[in-house]
Amino acid sequence: MSKTKQKSMEELLEEALVPEEEQPYPVPENWVWAKVGDLVELERGITFPASAKKDQKEEGLIGCARTANVQEEFIWDDLIYVDKKYLKNNDKKLLRKDDIVMSTANSYQLVGKVSYIHELIEPITFGGFIMSIRAKYPVYQKFLYYYFLEQFLNGKIQKLASQTTNIANLNGEKIKSLSLPLPPLNEQKRIAEKVERLFAKIDEAKRLIEEVKESIERRRAVMLEKAFKGQLGTNDPSEKSILETSDDLSEKDVIPKEQWPYEVPGNWVWVKFGVVAKLFNGYAFKSTDYSDEGIPIIRISDLNGMETTPETAVRVPRELYNEKFLVRKGDLLIAMSGATTGKIGIYNSDEIAMQNQRVGNIKTINDNILYAAYRNYFVISSSTEISKLAYGGAQPNISGALIESLSFPLPPLNEQKRIAEKLDNLLEKLENEKQLVLAAEEKLDLVKQSVLQKAFRGELGTNDPNDGHAMELVKEALLSSSGQW
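Read on for a plain summary of the structure. (Residues numbered from 1 in each chain as written. Predicted model: local features only at pLDDT ≥ 70, side-chain atom pairs only at ≥ 80, totals over all residues. Heavy atoms only, no water.)

## Regarding the pattern of salt bridges
Item 1. Under the definition given, this model contains 29 salt bridges.
Item 2. A salt bridge links Asp98 to Lys97; the nearest nitrogen and oxygen atoms lie 3.4 Å apart.
Item 3. The partner of Arg219 in a salt bridge is Glu433, with the nearest N and O atoms 2.7 Å apart. One end of the pair, Arg219, is in helix α4 (residues 185-227); the other, Glu433, is in helix α10 (residues 413-455), and 214 residues separate them in sequence.
Item 4. Under the relative-accessibility criterion, Glu433 is labelled partly exposed at 28%.
Item 5. One connected set of salt bridges, linked through shared partners, spans Glu72, Asp203 and Lys448. (Salt bridge = Lys/Arg side-chain N within 4 Å of Asp/Glu carboxyl O. Helix = DSSP H or I, 4+ residues; strand = E, 2+ residues; numbered from the N terminus. Buried < 20%, exposed > 50% of the residue type's maximum accessible area, 1.4 Å probe, protein only.)

## Quick word on the sheet that holds strand β2 (residues 40-44)
Item 1. Taken in spatial order, the four strands line up as β2-β9-β5-β7 in an open sheet, and their pairing is antiparallel. Looking at the sheet topology across the chains shown, the edges are occupied by β2 and β7 (114-116). Along the sheet, successive strands turn relative to each other by an average axial angle of 25 degrees, direction set aside.
Item 2. Note: β2 against strand β9 (residues 130-135), five bridges, orientation antiparallel. The residue of β9 that forms the bridge with Arg44 is Met131.
Item 3. Where helix α2 (residues 141-153) meets the sheet, it contacts β2, β5 (100-103), β7 and β9, and its direction lies at approximately 155 degrees from that of β7. (Pairing = 2+ DSSP bridges. Axes fitted to C-alpha atoms, helices over the stretch in contact; angles between N-to-C directions. Contact = heavy atoms within 4.5 Å.)

## A few points about helix α1 (residues 9-16)
Counting along an α-helix, one turn takes 3.6 residues, and residues three or four places apart therefore face a common direction.
Item 1. Listed in full, the buried residues belonging to α1 are Met9, Leu12, Leu13 and Ala16. Seen along its axis, α1 keeps its buried residues to an arc of 100 degrees; they face one direction. The exposed set on the far side of α1, more than 90 degrees from its buried face, consists of Glu10 and Glu14. (Arc of directions from axis to C-beta.)

## Examining the nonpolar core
Generally speaking, a soluble globular protein has its nonpolar side chains buried in company with each other.
Item 1. Formed by 101 residues in total, the largest nonpolar core has its most connected members in Phe148, Leu182, Phe273, Ile403 and Leu410.
Item 2. Apart from the residues lying within four places of it in its own chain, the contact partners of Phe148 are Val36, Met102, Val114, Ile133, Ile157, Ile175 and Leu178.
Item 3. Within the second largest apolar cluster, 13 residues are counted, among which are Leu61, Leu79, Tyr81 and Ile130. (Core = buried A, V, L, I, M, F, W, Y, C linked by side-chain atoms within 4.5 Å.)

## Some thoughts on the packing of aromatic side chains
Item 1. Within the structure shown, the criterion is met by 18 aromatic pairs.
Item 2. Centre to centre, the rings of Phe48 and Tyr86 are 6.1 Å apart; their planes meet at 55 degrees, and the pair counts as tilted. Placement of the pair is Phe48 in the loop between β2 and β3 (61-65) and Tyr86 in the loop between β4 (80-83) and β5, with a sequence separation of 38 residues.
Item 3. With relative accessibility at 22%, the residue Phe48 sits in the partly exposed group.
Item 4. Summarising the aromatic geometry, the rings of Phe74 and Trp76 are spaced 5.1 Å apart at their centres and angled 70 degrees between planes, so their arrangement reads as edge-to-face. Here the two residues Phe74 and Trp76 agree in accessibility, since each one is buried. (Phe/Tyr/Trp six-rings, centres within 6.5 Å; stacked < 30°, edge-to-face > 60°.)

## Concerning the side chain of Thr462
Item 1. Checked against the element boundaries, Thr462 lands in the loop between α10 and α11 (471-482).
Item 2. Within the structure, Thr462 has its side chain in polar contact with the side chain of Glu187 (distance 2.7 Å).
Item 3. Each residue touching Thr462, except ones within four places of it in the same chain, is listed here: Glu187, Arg190, Ile191 and Lys194. (Polar contact = N/O pair within 3.5 Å; in protein donor to acceptor, adjacent residues only side chain to side chain.)

## Quick word on the packing of helix α7 (residues 372-381) against α10
For any two helices packed against each other, one specifies the inter-axial angle together with the distance between the axes.
Item 1. At their nearest, the axes of α7 and α10 sit 8 Å apart, and the two run at 60 degrees to each other. On the basis of the axis angle, α7 is oblique to α10. Remark: the crossing between α7 and α10 carries left-handed chirality. Contacts from Ala373, Tyr374 and Tyr377 in α7 reach Gln416, Ile419, Ala420, Leu423, Asp424 and Leu427 in α10.
Item 2. Considered class by class, the residues forming the contact of α7 with α10 number seven nonpolar, one polar and one charged. (Parallel < 35°, antiparallel > 145°, perpendicular 65-115°, else oblique. Left-handed = near helix turned anticlockwise from the far one by under 90°. Nonpolar A, V, L, I, M, F, W, Y, C, P; charged D, E, K, R; others polar.)

## Looking at the sheet that holds strand β14 (residues 277-280)
Item 1. Here we have five strands laid out as an open sheet, ordered β14-β22-β19-β20-β16, and mixed in their pairing. Strand pairing shows two members of the sheet lacking a second neighbour, β14 and β16 (305-308), which therefore form its edges. On average, adjacent strands in this sheet sit at an angle of 35 degrees to one another, irrespective of strand direction.
Item 2. Bridge analysis of strand β19 (residues 332-335) against strand β22 (residues 359-364) gives four bridges, and the strand direction is antiparallel. Within the sheet, the bridge partner assigned to Leu333 lies in β22 and is Asn361.
Item 3. Taken strand by strand, α7 contacts β16, β19, β20 (344-347) and β22, and its axis lies near 140 degrees from that of β22.

## A word on the packing of α4 against α10
Item 1. With their axes 10 Å apart at the nearest point, α4 and α10 run at an angle of 170 degrees to one another. The orientation of α4 with respect to α10, classified from their angle, is roughly antiparallel.
Item 2. By residue class, the composition of the contact of α4 with α10 is 25 nonpolar, no polar and 12 charged.

## Here's the deal with the layout of surface pockets
Item 1. Taken as a whole, the largest pocket holds about 720 Å³ of empty space.
Item 2. What lines the largest pocket is a set of 24 residues, among which Arg220, Gly305, Met306, Ile380 and Glu431 lie closest to the centre.
Item 3. Looking at the lining of the largest pocket, the elements that each hand over two or more residues are α4, β16, β20, α7, α8 (383-388) and α10.
Item 4. Looking at the lining of the largest pocket, the element that brings in the most residues is α10, giving six residues.
Item 5. Taken together, the residues of the lining of the largest pocket break down into nine nonpolar, seven polar and eight charged.
Item 6. Looking at the second largest pocket, its volume works out to about 440 Å³.
Item 7. Every residue lining the second largest pocket is counted, 20 residues in all, and those nearest its centre are Glu72, Tyr145, Leu149, Phe199 and Lys448. (1 Å grid on protein atoms, 1.4 Å probe; cavity = no way out; pocket = protein on both sides within 12 Å on 5 of 7 lines; lining within 4 Å. Points joined across faces, edges and corners; volume = space filled by probe spheres on them.)

Take a look at the structure:
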């Protein structure tokens, strides 16, 4: 029986090293470009039927990680549990301390995302849409993790994925085909340690930014609360109440003082929201109504606060035009069902549109009683309360009657205008502040990418030319893999 001839070291190196003309960029002289497949072990997760998943741990079950667990820090408190039989006694299917886990089936934006297992809180396995990546000696695992993180953050690994209608997939062979700039082992450790220190500083800066963002949201809520309590310093007590100046409002429309939710200035009145505004439901369009041309339809996915426009570009023919369901610039729209029930949108397009049945349009009954911008700010400030009124469990719904039942503080018309104008100014300043903070946060994400780029170019100032040459590491890995070690 003939034996397969073992490859020489020269042949193994020729296969493992990246040819000079294919190397993405130059690296220090004691580094080499090597193919990932010769330096790592990849392990695909277990498969099991959907019916096998449990939310709680029971006897004979083991925790199982999914793609949702693969975040910047691995998420331990959202595991599912499956029968241990699906491991088929294969210990490689158990996560290990220092494992790198990668999402291999996800949206294009998230495929290739990686987490590092710093500690094992409990024995767990991982599902088929996850891959574990384990470095072969002598590659430092934390260095390898930052390499894959750099590949993900810069969008390089996503380009290797195959795309179906909704899911991008990565296979092991594509991962193995990646080129890795490999320094000597001590330099790998120094790089990982420096990246970790720099990332800690960046993360602290991001934590402070989150505090500022939360502060902005708190101040925004306080401003809106003060507005509807008459505490913005705009009220003129000499102005008569709407009850005194309008024939369209009577005592029977006013909520008795003992039923007021809170005190307001003496020339304000409390009414039910339905006294001054009505909610109109949209039209139940059928998919067969849709067209590439005609009038755009506003759907829940279009609702985007003050900047709501028909982004989805779903349209219906003009023969279905119906004044009752028309949406014009400035209209106040609200999600009536689903996970985002209560979400608000102020229509901000000059193009007329029509609303579908899941979008409500809150319209003022009498412009001499209710100023539209004041109405809008009230509904925006009440969106959380409105969402709590929803009923229906997994697919919550809210009716116009519930929204119209809200208690509504109604100042004199001129005071409504002053409140809206002051809120415009105050909230614009807050929004400008928020945009500055978001820009700073985005820059920090770019700084992380820059740190990683420098790390894998030998530009962090950590390289020591006296460390020896990384070629020796590749030889050790090849000898180990080929059984010649």
